[in-house]
Amino acid sequence: MAGGAFVAEGRVQNYNGGVTTFVVFTCIVAAMGGLIFGYDLGISGGVTSMQPFLEKFFPSVERKKERSESGAENAYCKFDNAVLTLFTSSLYLAALVASFFASSVMKIFGRKPSMFFGGLVFLIGSILNAIAQNVALLILGRILLGVGVGFANQSVPVYLSEMAPAKLRGALNMGFQMAITIGILVANLINYGTNKISGGWGWRLSLGLAGVPAILMTVGSFFLPETPNSIIERGNIEKAKRMLQKIRGTNDVDEELRDLMEASEASKKVQHPWRNILKPKYRPQLVICCLIPFFQQMTGINVIMFYAPVLFQTLGFGDNSSLISSVITGIVNVLATLVSIFTVDKFGRRILFLEGGVQMLLCQIAVGVMIGAEFGTDGQGSFPDSQADLLLFFICAYVAAYAWSWGPLGWLVPSEVCPLEIRAAGQAINVSVNMLFTFFIAELFLKLLCHMKFGLFFFFAVFVVIMTIFVSYFVPETKGVPIEEMNRVWKAHWFWSKYVSDETTMDNEQEMDKVACELVA
């Protein structure tokens, strides 16, 4: 599942002050950025399974559904339509393009304007979708939603990380992922309710309600303060100090202010991050930032997140049954994400990756075997209640495994391994690869389902095997390791040590000492 960008930190320093009501309020408002993304992830699959929506915009799909019920059309192919998939996937392509501009806008104008612009564009997109009378306007609305998501995914995690006390930054970064899962669940619940509205306009309400969190984020950004980090970047130290005192609830903020100033100065000294990350000594970080988000999408999770109602209908569930099954998977997604939040710093990243991979593999094989045995290659058949419940159990177990492993960790680990001199490039690669393959999966899933049929689940299972082996051999444990000391982890690794020499580690430490001395002087 696509998610928000995590902002990694180095050593966690316990500064004076604590969690104030002011900080809680600002973080709740800012987290609306996670809700708008999650809501849209969940809403599109439900809407595309609603009969009135299909009859208005995609009548050929509705006719294929009717033919498949009579046995004249392969059930695996009844939703295979290029424009229907474009309705879903266009958002993620727009988000990918927007993310390239969002980071520059955020650096030049600050976090607040980026959040405001993202919320405003998302609001306009939701209005266009709600009032759409043709497919062109529908897809235009989706593209605007994607632009809003691109800006929100860049600005909100950074804002949360900079406003929160240092000891809570990790939890708040994973909390943004939590907001996304809550958005998915809310969307599933709304789809279930609006599908019961007589008159055939329930889908408009589902799409239009995306504007609610967008309004909250857009209006809220007027009242949100700019972060101390952003104020320091613009050279107003006294204003930054006053803001820091306000959000920490204490006047004794000199130590944290000094560290923020040092970090700001150090970041200004970083040149050519894209050139740096291509150097051999950063090969581990480059590989991690490319392959982890790629593998995250190849788990097949977006088959469930985007198209759960469509998938359940394909497997013989009725309209309401398919939507309520999506609600159940949404609840599991939220609860399992909580598991990750409370265990990631206790058990570490690798154990969650490996356990999640094994569990996903077993569930995908079980689902593929059950569907193949019942539906064969022609897609004709139906599950009795007991088997349908068992199938739903395996899908929920698969969603749970993803939600406490590859879901949040697919964002967290790449952000942890990049030192300052390549952090901007590494994060951009991570986000771009994730959005690119999110687009590909959204665009190709219905066609893959039509041609590969139940074999699609085995296709993703193969990738789960590959990614689990990759983690086992090539991803070291990063729990509790400060970013500044990450080179020691690579140096101790059986494979990556050939790229990271003792000189590299010493050079990085000397460079950090040099920057620190210049700042003190």
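Predicted model only: the values in this text are computed from it and were never measured.

Considerations on the overall build of the protein
Scanning the protein for helices and strands turns up 24 helices and zero strands. Per-residue burial for the protein yields a buried fraction of 57% across its 521 residues. Within the protein, contacts between residues at least 6 apart in sequence are counted, and of these 81% link residues at least 24 apart. By element, 65% of the accessible surface of the protein is carried by carbon and sulfur atoms, the whole surface being about 20,300 Å².

Some details on the side chain of T329
Looking at the element boundaries, T329 is found in helix α17 (residues 319-347). If we skip the residues at most four places from it in the chain, T329 touches F312, L392, I395, C396 and V399.

What to know about the pattern of salt bridges
Pairs can form between side chains of opposite charge once their charged atoms are near each other. Applying the stated criterion across every chain, the model contains seven salt bridges. Residue D40 is joined to R142 by a salt bridge in which the shortest nitrogen-to-oxygen separation is 2.8 Å. A residue pair is termed long-range when its members are at least 10 positions apart, and D40 in helix α2 (residues 32-47) and R142 in helix α7 (residues 135-163) qualify at 102 residues. Overall, R142 belongs to the buried group, its relative accessible area being 0%. R248 serves as the salt-bridge partner of E256, at 3.0 Å between the closest nitrogen and oxygen. Judged by its relative accessible area of 3%, E256 is buried. The class for R248 is buried, based on a relative accessible area of 3%. Overlapping salt bridges, with partners in common, bring together R111, E233 and R234 in one network.

A closer look at a nonpolar patch on the surface
There is a patch of nonpolar side chains on the surface, built from L93, V97, F100 and F101 and spanning about 400 Å² of accessible area. Secondary-structure assignment places F100 in helix α5 (residues 82-109).

Remarks on the confidence of the model for the protein
On average, residues of the protein score 83 in pLDDT, and 87% of them are at 70 or above. pLDDT under 50 marks residues 515-521. Its contacts with residues more than four places away, or in other chains, come to five contacts.

Digging into the packing of helix α15 (residues 283-298) against helix α22 (residues 455-474)
Their axes nearest at 9 Å, the elements α15 and α22 cross at an angle of 150°. Of the possible angle classes, the one that applies to α15 and α22 is roughly antiparallel. Both α15 and α22 take part in a crossing whose hand is left-handed. Where α15 approaches α22, its residues V287, I288, L291, I292, F294, F295 and M298 are matched on the opposing element by F459, F460, F463, I466, M467, F470 and F474.

Considerations on helix α10 (residues 211-223)
Between the first and last C-alpha of α10 there are 19 Å, a value that for 13 residues agrees with the 18 Å anticipated at 1.5 Å per step. Within the sequence span of α10, burial applies to G211, P213, A214, M217, T218, G220 and S221. Residues of α10 that are buried make contact with α1 (21-30), α2, α6 (111-131), α7 and α9 (202-208).

Overview of the packing of aromatic side chains
Considering all chains together, one arrives at 28 aromatic pairs under this definition. On the basis of an interplanar angle of 80° and a centroid distance of 5.6 Å, the ring pair of F437 and F440 is categorised as edge-to-face. One end of the pair is F437 and the other is F440, both in helix α21 (residues 420-452) and three residues apart, which spans about a single turn. We note K56 situated over the ring of F57; from NZ or CZ to the ring centre the distance is 5.8 Å. The ring of F87 carries R142 above its face, with NZ or CZ at 4.8 Å from the centroid.

A few points about the state of the cysteines
Inspection of every chain in the model, using the stated rule, returns one disulfide. C77 shares a disulfide with C450; S-S distance 2.0 Å. Because the torsion about its S-S bond is 85°, the bridge between C77 and C450 counts as right-handed. Separated by 373 residues along the polypeptide, C77 in the loop between α4 (59-69) and α5 and C450 in helix α21 bring together distant segments of the chain. On the basis of relative accessible area, C450 is assigned to the buried category, the value being 10%. Here C289 is not cross-linked by a disulfide; its sulfur's nearest cysteine counterpart is in C418, at 3.5 Å. Of all cysteine sulfurs, the one in C289 lies closest to C290, which takes part in no disulfide; the gap is 7.0 Å. A relative accessible area of 28% places C290 in the partly exposed class.

Criteria and cut-off values
Residues numbered from 1 in each chain as written. Predicted model: local features only at pLDDT ≥ 70, side-chain atom pairs only at ≥ 80, totals over all residues. Heavy atoms only, no water. Helix = DSSP H or I, 4+ residues; strand = E, 2+ residues; numbered from the N terminus. Buried < 20%, exposed > 50% of the residue type's maximum accessible area, 1.4 Å probe, protein only. Contact = heavy atoms within 4.5 Å. Areas by Shrake-Rupley, 256 points an atom, 1.4 Å probe, with all protein chains shown as cover. Salt bridge = Lys/Arg side-chain N within 4 Å of Asp/Glu carboxyl O. Patch = residues over 30% accessible without salt bridge, like charges linked within 9 Å, V, L, I, M, F, W, Y side chains within 5 Å. pLDDT = per-residue confidence, 0-100. Axes fitted to C-alpha atoms, helices over the stretch in contact; angles between N-to-C directions. Parallel < 35°, antiparallel > 145°, perpendicular 65-115°, else oblique. Left-handed = near helix turned anticlockwise from the far one by under 90°. Expected span 1.5 Å × (residues − 1). Phe/Tyr/Trp six-rings, centres within 6.5 Å; stacked < 30°, edge-to-face > 60°. Lys NZ or Arg CZ within 6 Å of the ring centre and 35° of its normal. Disulfide = S-S within 2.5 Å.

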